[in-house]
Amino acid sequence: PAPIVLDSDPGIDDAVALQYLLGTGLWDLKAYTTVGGNVPSEQTFRNGRALARAFGIDGGVPVHRGAGRPLTRLPYSAAGEFHGAAGLGTEVLPDSTAPEQTESSTQALLRLSRAYEGELTVCATGPLTNVALALSEDPGFARRVKHLVFMGGAAEVPGNITPVAEFNAWADPDAVDLVVSSGIRYTMVGLDATHGWRFGAKELEILEEAGQDMALTARLMSFYLNAYRADEGCPLHDPLAVGVCADESFVTAAEGTVVVECASELTRGKTVFIPYDADYPREYYVESPLVNARTRHRGRIALGTGPRNFTED
Ligand code: BDR
Ligand code: CA
């Protein structure tokens, strides 16, 4: 199994992403680094530790406390509507019995990027604050990480927290800007792809019949499904990012640059995808002040669902 860090703001779909990652058997999870997002960072840390216990990795995989506020902005109040007031629906999970890690999420990311230079995958399913802090402390982090896959942004579809912005990108747009400008090899898995793979009543039934190991997941997904109130079911945002770490064929992706809105409050966190194969004049994406020198780095941007069926997986 290959070394990976899951950086996350649990969160219901974050919790399912963790369980899915463990279940694939493809990864050696070196750390579960939490970050403020769906709920404040103290709560995501507590949830992360409780989930480690629930999924049988308590004490085996260290859980770290993450950034409590966005890079440059004041803490925001995240709506509990989709994840419940404490982030995990109505669950009250037993606390972890492992000793608390004193190393922060950012320090753990930096340490692991050195220990597994060129090998480490980072999957981020919350605001990118921890990753951005690692990059600003040591820009070499970009070169040492093999691949960063992050759930966030909406390239060509409407947002989900404002009409134009996806939640993770909106929560810390400056972090997204720093990350996509750093030269790190990245794949963005935003709403363009996650809205394509849905979990509905049929999938819930399968989970409910799957026995004790899946009982918590079934309860969490039942809450999430109700919160979404969509006929086509709820999106599998964060699990899809985990899936893409191993197999990009769950999505269709294109090469390009992402530019994120950091100046305007109205369009805060809006991600603009600028394809590299477009007919735009070269200056448009290389020399334009809009896409300045810092934002020239190429990434891969998921633009829709791919040939391999993620919901089935
Ligand atoms: C993202 O926002 C969070 O609520 C989910 O966990 C996911 O990471 C979707 O916009
Ligand atoms: Ca999340």
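In case you missed it, the structure is sitting above this.
First, a word on scope: everything that follows refers to the structure included in this document. Remember, predicted model here, so these are calculated numbers, not experimental data.

Next up on the list: the overall build of the protein. Across its full length, the protein carries 12 helices and 11 strands. Against the 2.2 N^0.38 benchmark of 20 Å for 313 residues, the protein shows a C-alpha radius of gyration of 18 Å, consistent with a compact globule. A principal-axis box enclosing the C-alpha atoms of the protein has dimensions of 55 × 45 × 35 Å. Among the 313 residues that make up the protein, the fraction classed as buried is 50%. Excluding contacts between residues fewer than 6 apart, the proportion of contacts in the protein whose partners are at least 24 apart in sequence is 81%.

Glancing now at the packing of helix α4 (residues 129-137) against helix α7 (residues 173-180). As a packed pair, α4 and α7 sit with axes 9 Å apart at the nearest point and diverge in direction by 50 degrees. One finds that α4 runs oblique with respect to α7. With respect to the hand of their crossing, α4 and α7 are arranged in left-handed fashion. Along the contact surface, α4 presents Thr129, Val131, Ala132, Leu135 and Ser136, while α7 presents Ala175, Leu178 and Val179.

Further remarks concern the packing of helix α9 (residues 201-208) against helix α10 (residues 215-228). Between α9 and α10, whose axes approach to 9 Å, the crossing angle comes to 160 degrees. When the axes of α9 and α10 are compared, the pair comes out roughly antiparallel. Crossing hand, α9 versus α10: left-handed. Contacts between α9 and α10 involve Leu204, Leu207 and Glu208 from the former and Thr217, Ala218, Met221, Ser222 and Leu225 from the latter. Here the residues of the contact of α9 with α10 sort into 5 nonpolar, 2 polar and 1 charged.

Criteria and cut-off values
- Residues numbered from 1 in each chain as written.
- Chains lettered and ligands numbered in written order.
- Predicted model: local features only at pLDDT ≥ 70, side-chain atom pairs only at ≥ 80, totals over all residues.
- Helix = DSSP H or I, 4+ residues; strand = E, 2+ residues; numbered from the N terminus.
- Rg over C-alpha atoms; globule rule 2.2 N^0.38 Å.
- Buried ≥ 20, exposed ≤ 12 C-beta atoms within 10 Å, placed from the backbone.
- Contact = placed C-beta atoms within 7 Å.
- Axes fitted to C-alpha atoms, helices over the stretch in contact; angles between N-to-C directions.
- Parallel < 35°, antiparallel > 145°, perpendicular 65-115°, else oblique.
- Left-handed = near helix turned anticlockwise from the far one by under 90°.
- Nonpolar A, V, L, I, M, F, W, Y, C, P; charged D, E, K, R; others polar.

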